[in-house]
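Chains, contacts and geometry: an overview
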Amino acid sequence: MNLMEVTEIQATSILTPQKVGSLAGHYDYSLNPYAGCAFRCSYCYVPKFPSKRHDDFRQWGKWVEVKVNAPDLIRKQRAQVFGSSIFFSSATDPYQYLELKYRLTRQCLKELLNYRPAKLTMHTRSHLILQDLELLKQFGDKLSVGVSFTTDDEQIRRDFEPGAPSIARRLQVLRSLKDAGVRTHASLSPLLPCNPERLAALLKPVVNSIWIDSMRNLEINNRKDLLDKHAQFFEPSSYARVQEWLFNEITNRPHTHKSAAKKSNYDVAARLHQTQTTQEQGGKSADENQQLRLLLTNV
Ligand code: SF4
């Protein structure tokens, strides 16, 4: 059984300025109503920034802090909200299951609506977002929603993201959002072992854009055994080929390396059936993976 430590806290601030990092230049603030995350993704980058109370990345996924005064803080910081661009959330999932009890994300959204941000991007792995759909639609064309969609293989999803909702749930989220006229993107971040053709076929009909990233932050990865097991998938050159193929396929761009894509698909399928790789191979590939690039686009 996974025991979770849940603490209610009074935060001092709720809008975090984005001056450095991948959101800088795209967003003014990030907004995280919770600290910590029960979805327990083994590759999560957040433990890279330890807090005084939680400085051991191996405990990631075993604690959540609930910022119970988050809606009050939005009211207090409302001057910053007007006309700003906000990423909700960058360091937690705003629709993890504790949201059913606290409804903090919902309360924050209600406050934000009053103070009219120019851009609001919600980011989640959870179907609970659909419970706020009517509220979200009130943001109109200011809103976009990103759903993390890292593989088409449910066993891979369970291994790497043990506490998070299933692939089927996430697909339903994307479909429902699209049907509701909400702009969506899928975040393949990081891309996990998959069947690229099947993954592309799932996503193409339901997203407006995609974001592909590589497996990074290996020093704080909680499941190095999985990286070793799938070392050949993460081998830099073929990993990059699969990323490029998916990017071109989902965004309807021409395939520059048709044969390479075909080979990648074959290789990936074969790799998923591979049972073991050596520790040494895994370590080498994993380090090199940090060099892989970020692909970000709108279609
Ligand atoms: S859902 Fe996001 S914040 Fe939560 S563990 Fe996974 S990657 Fe980290």
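Calculation notes
- Residues numbered from 1 in each chain as written.
- Predicted model: local features only at pLDDT ≥ 70, side-chain atom pairs only at ≥ 80, totals over all residues.
- Buried ≥ 20, exposed ≤ 12 C-beta atoms within 10 Å, placed from the backbone.
- Helix = DSSP H or I, 4+ residues; strand = E, 2+ residues; numbered from the N terminus.
- Arc of directions from axis to C-beta.
- Core = buried A, V, L, I, M, F, W, Y, C linked by C-beta atoms within 7 Å.
- Near = placed C-beta within 6 Å.
- Nonpolar A, V, L, I, M, F, W, Y, C, P; charged D, E, K, R; others polar.
- Expected span 1.5 Å × (residues − 1).
- pLDDT = per-residue confidence, 0-100.
- Contact = placed C-beta atoms within 7 Å.

Let us look at helix α8 (residues 196-203). Among the residues of α8, Pro196, Leu199, Leu202 and Leu203 are the ones counted as buried. Summarising the axial view, the buried residues of α8 lie within an arc of 125°, below the 170-degree limit, and thus occupy one face.

Formed by 63 residues in total, the largest nonpolar core has its most connected members in Ala186, Leu188, Leu203 and Ile210. With 5 residues, helix α10 (residues 236-250) is the single largest residue contributor to this core.

Near the ligand, the surroundings consist of Cys37, Phe39, Arg40, Cys41, Cys44, Val46, Thr92, Asp93, Arg125 and Ala164. When its residues are assigned to classes, the shell around the ligand shows 6 nonpolar, 1 polar and 3 charged.

Moving on: α10. Note that an α-helix has 3.6 residues per turn; residues three or four places apart therefore point the same way. For α10, with 15 residues, the first-to-last C-alpha span of 21 Å sits near the 21 Å given by 1.5 Å per residue. Those residues of α10 not exposed but buried are Tyr239, Arg241, Val242, Gln243, Glu244, Trp245, Leu246 and Ile250. Phi turns positive, to about 60°, at asparagine 252, one or two residues after α10.

A word on the confidence of the model for the chain. Residues at a pLDDT of 70 or more form 85% of the chain, whose mean pLDDT is 87. pLDDT under 50 marks residues 259-299. Its contacts with residues more than four places away, or in other chains, come to 68 contacts.

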